[in-house]
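So you can see what is in the structure, the chains are spelled out below.
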Amino acid sequence: MTLVNPSNWKHKLSNSHQLGGIETSIVDNGPSRGVRIAWVNTGTGLRYKLVLDRGMDILDAFFNESSLAWISHAGLTAPQPFSNQGIDWLRTFGGGLLTTCGLSNAGPPNTDASGSRGLHGNFSNTPAELISIKQPDIFTGDLSFEIVAKVRETTTFGPSLEMLRFISGTIGSPEIRIKDTVTNCGNAPAPHMILYHINCGWPLIDDGTRIVWKGDKKPKPTDANNTEFNREYEFTRCAPPMDEHAGFGEDVAFIDPKADANNQVVCGYANDQLGLALKITISKTQMPWLINWQHWGKNEYVTALEPATHPPIGQAAARENGTLILLEPGESRTYDLLLEVLTGEKARGFTI
């Protein structure tokens with residue numbers, strides 16, 4: 001059945017929500033009590049939860065009965081704006097299909113003459129200001145939807161970054177479109193780094209799920225600590241749960257991804273047994289790096305593909321090696337991501 005064609009349902013519906021759309025609510029229990037969320041239903045089996053109070057990132061995501069996202073032990077929690085010291089960020093890291101790291105630090109805690117920063121910055125602990133919601137309209141036949149929010153990372157006398165986030169789609173299309181524009185609203189140059197943690201879990205991620213990417217894997221200081229599994233498969237297969245990944249155990253690859261003629265980079269995951277895949281498309285001009293994080297811990301089984309402006313080395317290291325972005329007052333940068341669900345033979349044939 002193709003929902004996009006109005007001839008299938010014209011004069012048979014009273015309300016667009018019978019096809020799909022956006023529904024906002026407030027959680028009323030546990031550590032997430034009071035958190036604003038929005039459920040998005042694309043009418044295709046793809047539905048996902050936006051957490052407005054966590055930068056309007058994406059937590060849960062399902063295609064029919066299958067979860068696409070990894071949810072941490074903590075799950076959904078209220079934002080903690082001052083979880084910005086050391087590795088405190090991990091205490092409220094819910095995982096989810098999208099966790100945004102930045103806007104001025106991506107990577108480990110670090111300190112230099114410009115100040116101190118905690119793991120992965122402040123963004124995911126910052127509530128968004130909801131700007132607008134556009135619902136699909138069955139009467140005009142416009143089945144597009146969009147939710148827009150603003151996130152500010154600012155301090156008096158210091159950097160003032162603002163991100164305008166658009167998340168959109170169309171009823172009948174199993175995809176998520178994300179457009180972020182970061183602007184320096186201050187009166188002095190502002191450091192900027194951004195990394196998108198796209199965290200996937202079971203059942204999409206399972207023993208043997210293919211990790212799809214093309215490019216050159218760059219060495220990093222901890223490469224020697226990667227497991228034998230990834231020395232064999234070179235970050236192209238998902239592993240079973242392993243004892244080596246208990247606690248802080250992990251495998252990480254820094255990838256210089258190969259782009260097509262339009263400078264687009266494609267990557268993702270494909271579970272051939274389920275006939276289910278997640279395809280991710282980004283611009284290499286906007287985000288020249290791709291990181292693959294793997295943590296195959298027992299009961300903590302996750303992998304992430306992470307488009308980024310930098311490897312997750314932190315602001316101090318990026319400043320030192322000359323790659324740190326300094327946005328001039330009024331200057332903006334835009335980042336576009338497209339996440340698509342593939343099924344059946346399209347999923348099994350997903351490669352680059």
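You'll find the structure just up there.
The structure contained in this document is the topic of the report that follows. (Residues numbered from 1 in each chain as written. Predicted model: local features only at pLDDT ≥ 70, side-chain atom pairs only at ≥ 80, totals over all residues. Heavy atoms only, no water.)

## A word on the packing of aromatic side chains
For any pair of aromatic rings, geometry is given as the distance between the ring centres together with the angle between the planes. How we decide: Here the aromatic set is Phe, Tyr and Trp, taking the six-membered ring for Trp, and pairing holds for ring centres within 6.5 Å; pairs whose planes are under 30 degrees apart are stacked, those over 60 apart are edge-to-face, and all others are tilted. Each residue's exposure class comes from its accessible area (1.4 Å probe, protein chains only) as a fraction of the maximum for that residue type: buried when under 20%, exposed when over 50%, partly exposed otherwise. Under the DSSP-based scheme used, a helix requires at least four consecutive residues in state H or I and a strand at least two consecutive residues in state E, with every element numbered from the N terminus.
According to the stated counting rule, one finds five aromatic pairs in the structure shown. Between Trp89 and Phe93, the ring centres sit 4.5 Å apart and the planes meet at 25°, which makes this aromatic pair stacked. When its relative accessible area of 3% is taken as the criterion, Trp89 is described as buried. With a relative accessible area of 9%, Phe93 lands in the buried category. Ring geometry for Phe229 versus Tyr233: centroids 4.7 Å apart, planes at 40°, classification tilted. Pair noted here: Phe229 and Tyr233 are both in helix H1 (residues 228-233), with a separation of four residues, about one helical turn.

## Topic: the nonpolar core
What counts, and what does not: Nine residue types can take part in a nonpolar core, namely buried Ala, Val, Leu, Ile, Met, Phe, Trp, Tyr and Cys, and a core is a set of them joined through side-chain atoms within 4.5 Å. Contacts between residues were defined by any pair of non-hydrogen atoms, one from each residue, lying within 4.5 Å.
Core analysis: the largest hydrophobic core is formed by 68 residues, its most contacted members being Tyr48 and Leu97. Top contributing element to this core by residue count: strand E13 (residues 190-200), with five residues. Beyond its immediate chain neighbours, meaning those up to four positions away, Tyr48 contacts Ala38, Trp39, Val40, Thr42, Ile58, Asp60, Ala61, Phe145, Ile167, Ser168 and Ile176.

## Here's the deal with the pairing of strand E20 (residues 300-308)
To be explicit about the condition: By definition, two strands form a pair when at least two bridges between them are found by DSSP.
Of all nine residues that make up E20, eight are buried, and the element is covered over most of its length. As defined by bridge partners, E13 adjoins E20 across four bridges and the pair is classed as antiparallel. Bridge pairing links Leu195 to Ala308 in E20. Alignment of strand E19 (residues 289-297) against E20, held across nine bridges, turns out to be antiparallel. Within E20, the position partnered with Gln294 by the bridge is Thr303.

## Structural notes on the sheet that holds strand E1 (residues 21-26)
The strands making up a sheet associate through backbone hydrogen bonding, with each pair oriented either parallel or antiparallel. On the basis of which strands lie adjacent, the open sheet formed by five strands has the order E1-E2-E3-E4-E5 and antiparallel pairing. With one partner strand each, in any of the chains shown, E1 and strand E5 (66-67) form the two edges of the open sheet. Bridging between strand E4 (residues 57-63) and E5 involves two bridges; their strand directions are antiparallel. In the strand pairing of E5, Phe62 is matched with Ser67.

## Details of unusual backbone geometry
The step from Gly102 to Leu103 runs through a cis peptide bond, and the omega angle for that step is 10°. Position of Leu103 among the secondary structure elements: in strand E6 (residues 99-103). Cis geometry is found at the peptide bond from Trp202 to Pro203, where omega equals 10°. Its place among the elements puts Pro203 in the loop between E13 and strand E14 (210-212). One non-glycine residue, Glu234, lies in positive phi territory at about 50°. Although it is not a glycine, Phe235 adopts a positive phi angle of roughly 65°. Of note, Phe235 is situated in the loop between H1 and strand E16 (251-257).

## So, the environment of Pro174
Topologically, Pro174 is positioned in the loop between strand E11 (160-170) and strand E12 (175-184). Residue Pro174 is classed as partly exposed on the basis of its relative accessible area, which comes to 26%. Setting aside residues up to four positions removed in sequence, Pro174 forms contacts with Thr42, Thr44, Leu46, Phe63, Leu339, Glu340 and Val341.

## Some details on the sheet that holds strand E22 (residues 332-343)
Our working rule: With axes taken as lines fitted to C-alpha atoms, and helix axes fitted only over the stretch in contact, angles between N-to-C directions fall between 0 and 180 degrees.
Spatially, E9-E10-E11-E12-E22-E18-E17-E14 is the arrangement adopted by the eight strands of the open sheet, whose pairing is antiparallel. On the outer flanks of this sheet lie strand E9 (129-134) and E14, each paired with one strand and no other. Geometrically, the sheet is characterised by an average inter-axis angle of 15° between neighbouring strands, direction not taken into account. Where E9 lies against strand E10 (residues 144-154), five bridges are found, and the strand directions are antiparallel. The residue bridging Ile133 from the neighbouring strand is Ile147, located in E10.

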